[in-house]
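Secondary and tertiary structure notes
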Amino acid sequence: MATIAESVAGSGGELNSTSLLSIRSVAKHFGKNVVLRDISLEITEGEFLTILGESGSGKTTLLRILAGFEQSTSGEVWMQGERLDTQPPYRRRVNTVFQHYALFPHMTVEQNVGYGLAIAKRPAAEVESRVAEALAKVKMSAYAKSKPSKISGGQQQRIALARALVNRPRLLLLDEPLSALDANLRRQMQVELKALQREVGITFIFVTHDQEEAMVMSDRIALLRSGELEQVATPREIYNRPATSYTAQFIGHTNLLKADVRHGTAYCPPLQWLTSVPDGVALFSLRPECIRPASASPAATGSPALPTTVRFRAHLRDQAFHGATDLLRVESDGGLILTIRTASRDLPNSEAPLEFEFSAADAVPVRATSLGSNSESILGSNEEDRA
Amino acid sequence: MSATTPIKSPRWLTAHALAVFAFLYLPIVILILYSFNGQGVGGFPPRNLTFNWYRILFNDAPIWDSVLNSLLVAAAAMLIALLFGIPAALALDRAQFPGKALFRRLVLLPLILPGIITGLSLSMLFRVAEVKLSLLTIILGHGTALISVATTEVFAGLQKLNRAQEEASLDLGATYCQTFWRITVPNLKLSIIGAALLIFTLSMDEIAVSFFLIGRDNTLPLEIWGRLRRGITPEINAISTIIFLFSLIAIVFWYRLRTRAEVTPEIGAELVETAKH
């Protein structure tokens, strides 16, 4: 990896014109504890990037390195051709919205928002108008003279946002800013925050452990696992084409199928389908909604013609109502257990096996990485895959 | 004890509480009463109430000299203790250095150590260093002994401070120095005022250390102590009453500061939350 780091570092000034931030082989150790290893990431101007990960994945540490509150053990961070990670936090054109807002309790809302401008010694008239503008943008003008302790959590959240945005940073960092809000307010803020980001055009790096939140808000998601980047992609791509079993399981539900691939066919008894994966043992992710009840026209059963639509029979074991959809657990003839998401409806409560199908293309080959922090292989450890 | 049965308030418990209360405050009440007693310190109940002792007191130059000396010593000791104590507390809270755990315990030692030991050792030090004993030596004695009070009080305040606030300040462009004065100090204001008041009071009535370091000028406690050896007069009661009143005012002042501050939310709870991430 050192060679990559060097070659990237060599190109210091002349970056891609749309690239705002360049994280190059950043690692962070706390004593023997490796929190981040070899993180490289390019963030484009105006992008909404979410760093998604479980607690302990290192996402907050990465954010703190960008803000300047932690020093990376190795690696570099560049912003628009300038080295960022060697600068103290107060010289970076980066602002942060803290997890618990960290408003100054001894100042009014107005003074909180104007703090950065006052420090920068902007003229009083400018401070006043920009603070008023920022408060209006987050719909908090009425509370300008209040103390932070007198307003609700959601309102404090807005003030923290205004306090950061009023300085017109190049980059805004948000450290799980919505985690303290209740579910309804949270959904509302997700929409508002996304709209605000579009409006101000500032690059956002948003840290969260909530995969749904990440999918709703982001242009791209960077999934962190145990201090390493698992996958960086758009929400659709990361959901539809997960690169690893961890990604597939962490983002949404999935069926992990362990298959034997021989001559372009994956065998996972009783299923088999066409694949371009080279011969050997491989893992596939098959989303529950990709499996559907088979259409009426009966295909020739037992045909070895290797169809692109895979059909199988299975017994219904369990049905859970989830509003618009139902989650079914079915057991196929060979004892393979699969989770299936279908439109909500009552299924015939009979002992007779049901017929299901899925497209071979929906079985996405994934690299095996484990869920959770231990690095043991998932192969054979999941009840859904029966070798 | 079942919650449904009404608890009979035991009479003896009330009586006991009253007794404790009396034990604590009766001496002070008597001290105050006798400062108005025309008969001097003897006789019960006090008779011929008079302000005479106060009149004598106000014309008693040596007493007022000693009061001034005490105020000077207390103010100077307070400055010294805060000047050294606040950076020590900051170091304990923020810096990592070898022997930090030891330092943290040792800094408390002067507070626990009997005043005699502190006083004696300082007096020997000054003798070796050939420093003439004066108010200055008392100031140095009080100042050094009370650094521990400043350190512990301010350290406690720092522990309750939400560090994210300081990070937010740095994030918004303030340097470390600006952050210290605009965010850290205002948040520590109560701890610093509390430490200052405590140091001032402790210095005002300190007798053991002062005894070893005294030069020609007396502090108030030593002046009173010296007079008591010649026999008590209600004049002492009068000066004690005045001291008591001033202490009371200081306590009320401190208490009001504190309750006003507690209206703002507990930043400690937020700190715990932040620490968990």
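Residues numbered from 1 in each chain as written. Chains lettered and ligands numbered in written order. Predicted model: local features only at pLDDT ≥ 70, side-chain atom pairs only at ≥ 80, totals over all residues. Heavy atoms only, no water.

**Some details on the overall build of chain A**
Broken down by element type, chain A carries nine helices and 20 strands. Relative to its 387 residues, chain A shows a buried fraction of 51%. For chain A, the proportion of contacts with a sequence separation of at least 24, taken over those separated by at least 6, is 65%. Per element, the accessible surface of chain A, about 17600 Å² overall, is 51% carbon and sulfur. (Helix = DSSP H or I, 4+ residues; strand = E, 2+ residues; numbered from the N terminus. Buried < 20%, exposed > 50% of the residue type's maximum accessible area, 1.4 Å probe, protein only. Contact = heavy atoms within 4.5 Å. Areas by Shrake-Rupley, 256 points an atom, 1.4 Å probe, with all protein chains shown as cover.)

**Description of the sheet that holds strand 10 (residues 228-233) of chain A**
Residues and elements named next belong to chain A. In spatial order, the strands read 6-7-8-3-9-10; together these six strands make up an open sheet with mixed pairing. With one partner strand each, in any of the chains shown, strand 6 (94-97) and strand 10 form the two edges of the open sheet. Between one strand and the next, the sheet's axes are offset by a mean angle of 20°, whatever the strand orientation. Here strand 3 (residues 48-53) pairs with strand 8 (residues 203-208) via five bridges, running parallel. Within strand 8, the position partnered with L52 by the bridge is T208. Across the face of the sheet, helix 6 (residues 183-200) comes into contact with strand 3, strand 7 (171-175) and strand 8 while running at roughly 155° to strand 8. (Pairing = 2+ DSSP bridges. Axes fitted to C-alpha atoms, helices over the stretch in contact; angles between N-to-C directions.)

**A word on helix 4 (residues 124-137) of chain A**
Residues and elements named next belong to chain A. Between its first and last C-alpha atoms helix 4 spans 20 Å; for 14 residues at 1.5 Å apiece the expected length is 20 Å, and the two agree. Among all positions of helix 4, only V127, R130, V131, A134 and L135 are buried. Looking straight down helix 4, one finds its buried side chains confined to an arc of 135°; they lie on one side. Turned more than 90 degrees off the buried face of helix 4, the exposed positions are A125 and E128. Close packing links the buried residues of helix 4 with helix 3 (109-119) and helix 5 (153-165). Just downstream of helix 4, K139 is the residue with a positive phi angle, here 60°. (Expected span 1.5 Å × (residues − 1). Arc of directions from axis to C-beta.)

**So, the sheet that holds strand 14 (residues 280-286) of chain A**
All names here are of chain A. Taken in spatial order, the five strands line up as 13-12-11-14-20 in an open sheet, and their pairing is antiparallel. Looking at the sheet topology across the chains shown, the edges are occupied by strand 13 (271-274) and strand 20 (364-366). On average, adjacent strands in this sheet sit at an angle of 40° to one another, irrespective of strand direction. Direction of pairing for strand 11 (residues 255-262) relative to strand 12 (residues 265-268): antiparallel, over a ladder of three bridges. By the bridge assignment, V261 is partnered in strand 12 with A266.

**Observations concerning the packing of helix 3 (residues 61-94) of chain B against helix 9 (residues 176-204) of chain B**
Residues and elements named next belong to chain B. At a minimum axis distance of 9 Å, the contact between helix 3 and helix 9 shows a crossing angle of 135°. If you check the angle between helix 3 and helix 9, you find them oblique. For helix 3 against helix 9, the interelement crossing comes out right-handed. Residues S70, L71, V73, A74, A75, A77, M78, A81, L82, I86, L90 and R94 of helix 3 form the contact with helix 9, whose own contacting residues are F180, T184, I192, A195, A196, I199, F200, S203 and M204. Classifying every residue of the contact of helix 3 with helix 9 gives 17 nonpolar, three polar and one charged. (Parallel < 35°, antiparallel > 145°, perpendicular 65-115°, else oblique. Left-handed = near helix turned anticlockwise from the far one by under 90°. Nonpolar A, V, L, I, M, F, W, Y, C, P; charged D, E, K, R; others polar.)

**Details of the confidence of the model for chain A**
Confidence in the prediction of chain A, expressed as mean pLDDT, is 85, and 87% of residues score 70 or more. Note that pLDDT drops below 50 for residues 372-387 of chain A; the model gives that stretch 40 contacts with residues more than four away or on any other chain. (pLDDT = per-residue confidence, 0-100.)

**Observations concerning the pattern of salt bridges**
Tallied over the full model, the rule gives 30 salt bridges over all chains. In this structure, A:R198 engages A:D219 in a salt bridge whose closest nitrogen and oxygen atoms are separated by 2.8 Å. One end of the pair, A:R198, is in helix 6; the other, A:D219, is in the loop between helix 7 (211-217) and strand 9 (220-225), with 21 residues separating them in the sequence. On the accessibility criterion, A:D219 (24% relative accessible area) is partly exposed. Put simply, B:E235 and B:R227 hold a salt bridge, and the shortest N to O gap is 3.6 Å. B:R227 shares its class with B:E235; the two are buried. One salt-bridge network, in which partners are shared between bridges, spans A:R292, A:R311, A:R313, A:E355 and A:E357. (Salt bridge = Lys/Arg side-chain N within 4 Å of Asp/Glu carboxyl O.)

**Description of the pairing of strand 7 of chain A**
Residues and elements named next belong to chain A. Of all five residues making up strand 7, five are buried, and the element is well covered by its neighbours. Side chains L171, L173 and D175 project from strand 7 onto one buried face, and the interleaved L172 and L174 project onto a second face that is buried too. Bridge count for strand 6 against strand 7 is four bridges, and the pairing is parallel. Considered in strand 7, the bridge of V94 is made with L171. By the bridge criterion, five bridges tie strand 7 to strand 8 in an arrangement that is parallel. Note that in strand 8 the partner of D175 across the bridge is V207. Remark: the strand 7/helix 6/strand 8 crossover connection has right-handed handedness. (Right-handed = clockwise from strand over helix to strand, strands pointing away.)

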